[in-house]
Amino acid sequence: MHKPASSASGSSDSWWRGAAIYQLYVRSFADASGDGIGDLAGARAHLPYLAALGVDAIWFNPWYPSPMYDAGYDIADYRSIDPVFGTLADADALITEAHALGIRIIIDVVPNHGSFLHPWFTDALAAGPGSAARDRFWFRPGTGPGGDQPPNNWQSIFGGPAWTRVTESDGTPGEWYLHLFAPEQPDFNWDSPDVRREFEDVLRFWFDRGVDGIRIDSAALLAKDPALPDLGDEEPPSGLHPYTDRDEVHEIYRSWRAIADEAPGRVLVGEVWLPDAARLAHYVNAGELHTVFNFPYLSCPWDARGLHQVIDQTLDLPGDAPATWVLSNHDVDRIVTRYGRADTAFSLDRRRYFHGFAVDLELGTRRARAAALLTMALPGAVYIYQGEELGLWEVQDIPDELRQDPIWHRTHGEDPGRDGSRVPLPWSGTEPPFGFSPPGAAAPPWLRQPKEWRDLTVAVESASADSMLTLYREALRIRRSGPLVGDGPMTWVPSPDGVLAFDRSPGAAGPEEGAASGDCVRCIANISGEPVPFPPHATVLLASGPLDAGLLPPDTTAWLRIE
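Residues numbered from 1 in each chain as written. Predicted model: local features only at pLDDT ≥ 70, side-chain atom pairs only at ≥ 80, totals over all residues. Heavy atoms only, no water.

Draft legend 1. View of the packing of aromatic side chains. According to the stated counting rule, one finds 35 aromatic pairs in the structure shown. The interplanar angle of 90° and the centroid separation of 5.2 Å between the aromatic rings of Phe-29 and Trp-427 together place this pair among those described as edge-to-face. Taken together, the residues Phe-29 in the loop between strand E1 (20-24) and helix H1 (40-45) and Trp-427 in the loop between helix H13 (406-410) and helix H14 (458-462) connect sequence positions 398 residues apart. The same class applies to Phe-29 and to Trp-427, which are both buried. Between Phe-346 and Phe-354 the ring centres are 5.8 Å apart and the planes differ by 25°, which places this aromatic pair in the stacked class. (Phe/Tyr/Trp six-rings, centres within 6.5 Å; stacked < 30°, edge-to-face > 60°. Helix = DSSP H or I, 4+ residues; strand = E, 2+ residues; numbered from the N terminus. Buried < 20%, exposed > 50% of the residue type's maximum accessible area, 1.4 Å probe, protein only.)

Draft legend 2. Expanded view of the pattern of salt bridges. Per the counting criterion, the structure on display carries 31 salt bridges. Between Arg-367 and Asp-555 there is a salt bridge; the shortest N-O distance is 3.4 Å. Of this pair, Arg-367 sits in helix H12 (residues 361-377) while Asp-555 sits in the loop between strand E17 (551-552) and strand E18 (556-562), and the two are 188 residues apart along the sequence. Grouping residues by exposure puts Arg-367 and Asp-555 together as buried. The network of salt bridges with common partners includes Asp-70, Asp-331, Asp-405, Arg-418 and Arg-422. (Salt bridge = Lys/Arg side-chain N within 4 Å of Asp/Glu carboxyl O.)

Draft legend 3. Geometry of the environment of Gly-159. Residue position: Gly-159 is located in the loop between strand E4 (139-140) and strand E5 (163-167). Exposure remark for Gly-159: the relative accessible area of 17% places this residue in the buried category. Expressed as a C-alpha distance, the spacing of Gly-159 and Pro-65, which sit 94 residues apart in the sequence, is 25 Å. Contacts of Gly-159, omitting those with residues within four sequence positions, involve Arg-410 and Thr-411. (Contact = heavy atoms within 4.5 Å.)

Draft legend 4. Structural context of empty space enclosed by the protein. In the structure shown here, the tally under the stated rule is 3 cavities of 30 Å³ or more. Here the largest cavity is characterised by a volume of approximately 50 Å³. Considering the residues around the largest cavity, the lining is formed by Trp-325, Val-326, Leu-327, Ala-372, Thr-375, Met-376, Val-382, Tyr-383, Ile-384, Glu-388 and Tyr-472. Contributions of two or more residues to the lining of the largest cavity are made by strand E10 (324-326), H12 and strand E11 (381-385). Considering only residue class, the lining of the largest cavity consists of 9 nonpolar, 1 polar and 1 charged. (1 Å grid on protein atoms, 1.4 Å probe; cavity = no way out; pocket = protein on both sides within 12 Å on 5 of 7 lines; lining within 4 Å. Points joined across faces, edges and corners; volume = space filled by probe spheres on them. Nonpolar A, V, L, I, M, F, W, Y, C, P; charged D, E, K, R; others polar.)

Draft legend 5. Quick look at the sheet that holds E5. With antiparallel pairing, 3 strands are arranged side by side in an open sheet as E4-E6-E5. Here the strands that pair on one side only, and so sit at the sheet edges, are E4 and E5. Note: E4 against strand E6 (residues 173-178), 2 bridges, orientation antiparallel. Among the inter-strand pairings, Phe-139 is bridged to a residue of E6, identified as Tyr-177. (Pairing = 2+ DSSP bridges.)

Draft legend 6. Spatial organisation of the side chain of Asp-419. By the secondary structure assignment, Asp-419 is in the loop between H13 and H14. Nearest to the buried, unbridged Asp-419 among oppositely charged side chains is Arg-403, at 4.7 Å. At 2.8 Å, the side chain of Asp-419 and the backbone nitrogen of Gln-404 are in polar contact. Excluding residues within four positions of it along the chain, Asp-419 makes contact with Ile-398, Arg-403, Gln-404, Asp-405 and Leu-447. (Lys, Arg positive; Asp, Glu negative; His and termini not counted. Polar contact = N/O pair within 3.5 Å; in protein donor to acceptor, adjacent residues only side chain to side chain.)

Next up, the structure:
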């Protein structure tokens, strides 16, 4: 049996331990202004939709002023709202209105890097080598004759060198600065006391405005080895490498945790791309982050043995942090497309390989429905990326001239990038923009919507008992009202090869008032190629697809009440 991490999971102060959290990518959620770009007014207008869906919290991707070289992850001002999205007053109103509906708000903070238009960086360029302003970033002289080679051989996660040379104020070639992402995203130097104080103040600014949580982007990358040594031949050329993920980062997060704990109910969520469970666990030590994203689960193929292993590893992490379960997000291919390929795994550095497969959307949708019920039955918190509840697929045929992702541009098209998972949502109607923008909008959606999405609009799916949206609504309703809620106990049940089966019974989380305290819910996910029988004395609560006379078909998940 996997036991709950903490008996506090039923407390409202620990709401995040078993929450359903909806990821809202502002640019693509809803456009109220008619400029083709989603905004906070559009999000506010659809808060009742999210309340009816049954989510406990919304995680907003960056909404700050930005030149948008990386869709807002290049932040020029951490204490304001980009005019394309709205104003601080809009954000305040959104937080208030969401709270009135019982929905908490989590926002992105990007501490590894800022924008090249951030006042600190423009000051650093003007101040010159050796200045205190440059100590806030990673400025270094080049190597080779005339310093015309980068300081080391690190590569950008977005492709190409991780260093860019500046032109000094006198017009001569000057120092180089580090950017693990795009050149427009210079990395902050977290050895600088100025940087540490600044971000502590940013956290307090937003907590004071009423946000309930902070999601920390690229949480493992902040602390670099100050020697900036070259990577060895055996080490990866990009992404996480041995000279980040240093012990110093834990000191940073202990100070952030102290700020979060100044009031009850606040949460720090880390985006930590680490394959090693032991290293991942270090980020959720007592007094550090409350929880981290579960990327091994997100990347796992649709395979019973692999999923069983990842689930066990997740639930066996040491410490008090609850599990989190994520099927997709704004950086990875949508789950319907992934599960419709011959290879159903995913990794960021093999995106081009995966895009080479044909996609069976019918198969992918069936598996995505089954995966949704499997995921929502697991103990812990679940994240739902916008459009996942509609069964949207990855748009892989975006014309080159419309692509905006810097990954696509910096790899010269070798990596298709992330635009395909960020196409604006379809709300209603039979033609684009499908209600994403108001009638008579001045501009089309910033990324083109497939015309086939007319069958996947919120309006269409709301009227269908068999739609993906109806499945998600019902699953979240059941999840909130009984043994499936929270990070309570879970017990594996013996099952045939290719089948995952486990029981959830009332434990530390406890059912909500009105639920039967003795209920036991069994989740059975048939990932094999053959139908399997139901256990005796079971009542079907919910199934991801049609059932066949007491048999669970392939690629189908069911929730059963065991009597």
